[in-house]
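# Structural overview for review
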Amino acid sequence: MTIKAVRGTRDLLPPETALWNRVEQAARDVFALYNFSEIRTPIFEDTQLFARGVGESTDIVSKEMYTWEDRARAQSEKAQSLTLRPENTAGVVRAYIEHKLWERPGLQKLYYIGPQFRRERPQKGRYRQFYQIGAEVIGPPTAGSESPARDAEVLEMLVTLLNRLGVKDWTLQLNSVGSPSNRPAFNEALRQALNGVVDRMCADCQRRAVTNPLRVFDCKVPEDQPIIDTLPRISGFLDEADRIHFDQVQEILKATAVPFVINDRLVRGLDYYTRTAFEFTQGSLGAQNAILGGGRYDGLSESLGGPKAPGIGFAIGEDRFVMALAADERSTVPNSEPQAYIAPLGDGMNVQAAKLARELRSAGIRTELGDETFRLKKSFETAEKMGIRNVVIVGENEVASGQFAVKDVTSGEQKIVSRADVEKLVAQPSKS
Ligand code: HAM
């Protein structure tokens, strides 16, 4: 029996990986403009980090984590429960606390790119190993971490990135989920409203109604939606300070021409959110249409045993982002870089061909190297199939005379040029 990639995981192959790299490079470039720096945290962490950070009653922690017991090797060592990270915000905040990053000047503006793991039911745009590009702004309140200016700046940065990559047809959905202090009153109102209706809802909602009623808004079961539509909204429970904060975020977004819609049902599936919460959806993606999500998490550091360190961030679902781009044909860039195929001709010519290849490559020419056992016809055909226009023939005569035959496999034309001119000829941009 052959072994296949595990359900919910997949291989990313060329040429699609070029698109992934383009997205990641654009993200790095845009993040640098906004003065963010990269952080890399481990792919697995202590299970408690996610239980406490993301929340026990969330779908992620209660159903979707890859968790295992790391057995003690020595008697003195305790066994530890470990989990593949289902998201990266908790890891970043753990690192912030562990390395006392608040001692550094200003705010910590950190970004990450990497795989995350959730045991969800796989479908288009939903994987068990998926990739996120995310960023977090976190720091002490005295450094301005609570300011609505940070929320607006992060959202405006995202729009810059979407525009730079030419992502079309997106919608920014915005909400405020208020502060922990007004959560009890909201939960109480929600519990009361759920009282008479919850037995008509799905099993998950029945559980949520008891453990954490806010999570009822995560429900995707179509039959439950009309009931959820009648429930009280968190927006009705914001206190004065939350409302002012949310108004100020919106004011800056309007001033910087960032379009948004208010979605007062949006609560996001992680427990750490406070105040601003948002998602960007994209039109071409179907059911899994959230290309990115994020929000504020003003109490997360404290819940992990750290100092007060309000923060805001987001994570882009890179799989979905690439899918949205690939749906748009203009994003598949033809390869117009200078290229050459070197065809060694006859015994012993691999040595000479290797020397020429090294020189062309050091001159910045993307070079494919053939083999002396190939007939010329085979070399021409291979180059053509690979989309490489120029084939440089390296035979005994060429090496002796210093004159090389360069065949253009698209036109069939062959030129004899000096060694120095080989580089110039193949470096010319392709006409096609
Ligand atoms: P999240 O909404 O759970 O937020 O995930 C962010 C994005 O990751 C989603 O909008 C989606 O595009 C993508 N995503 C999630 N699950 C999958 C999956 N199974 N397959 C493919 N893509 C997926 C977070 O993870 C928060 N840490 C974001 C954040 C950062 N909030 C504040 N800072």
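Up top is the structure.
This section reports on the structure supplied with the text. Since this is a predicted model, take the numbers as computed values, not measurements.

Right, let's talk about the pairing of strand β6 (residues 129–138) for a bit. Of all the 10 residues making up β6, eight are buried; the element is thus mostly covered by neighbouring parts of the structure. Note: strand β5 (residues 108–117) against β6, 10 bridges, orientation antiparallel. The residue bridging Leu110 from the neighbouring strand is Glu136, located in β6. The pairing of β6 with strand β11 (residues 311–317) spans seven bridges and is antiparallel. Each residue of the ladder has a partner; that of Gln132, found in β11, is Gly317.

This brings us to the site of the ligand. Close to the ligand lie 27 residues; Glu87, Glu120, Tyr127, Tyr273 and Ala290 are nearest. Residue Arg268 places a side-chain N or O atom 2.8 Å away from an oxygen atom belonging to the ligand. Within the contact set of the ligand, a nitrogen atom lies 2.6 Å away from a side-chain nitrogen or oxygen of Tyr273. Relative to its unbound accessible area of 660 Å², the ligand is 96% covered by the protein chains. Sorting the residues of the shell around the ligand by element identifies β6, β10 (290–296) and β11 as the ones contributing at least two each.

Relative to each other, helix α1 (residues 16–33) and helix α5 (residues 148–165) sit at 140 degrees, their axes nearing to 10 Å. Classified by the angle their axes make, α1 and α5 are oblique. By crossing handedness, the relation of α1 to α5 is classed as right-handed. Between α1 and α5, the contacting residues are Arg22, Val23, Ala26, Ala27, Asp29, Val30, Phe31 and Leu33 on the first element and Met157, Thr160, Leu161, Arg164 and Leu165 on the second. Of the residues in the contact of α1 with α5, the class split is nine nonpolar, one polar and three charged.

To continue, consider unusual backbone geometry. Following Pro14, the chain continues to Pro15 via a peptide bond in cis, the omega torsion being 5 degrees. Along the polypeptide, Pro15 turns up in the segment before α1. With phi around 65 degrees, Asn35 is a residue other than glycine that occupies positive phi space. With respect to the element layout, Asn35 can be found in the loop between α1 and β1 (37–38).

Basis of the calculations
Residues numbered from 1 in each chain as written. Predicted model: local features only at pLDDT ≥ 70, side-chain atom pairs only at ≥ 80, totals over all residues. Heavy atoms only, no water. Buried < 20%, exposed > 50% of the residue type's maximum accessible area, 1.4 Å probe, protein only. Helix = DSSP H or I, 4+ residues; strand = E, 2+ residues; numbered from the N terminus. Pairing = 2+ DSSP bridges. Near = heavy atom within 4 Å. Polar contact = N/O pair within 3.5 Å; in protein donor to acceptor, adjacent residues only side chain to side chain. Areas by Shrake-Rupley, 256 points an atom, 1.4 Å probe, with all protein chains shown as cover. Axes fitted to C-alpha atoms, helices over the stretch in contact; angles between N-to-C directions. Parallel < 35°, antiparallel > 145°, perpendicular 65-115°, else oblique. Left-handed = near helix turned anticlockwise from the far one by under 90°. Contact = heavy atoms within 4.5 Å. Nonpolar A, V, L, I, M, F, W, Y, C, P; charged D, E, K, R; others polar.

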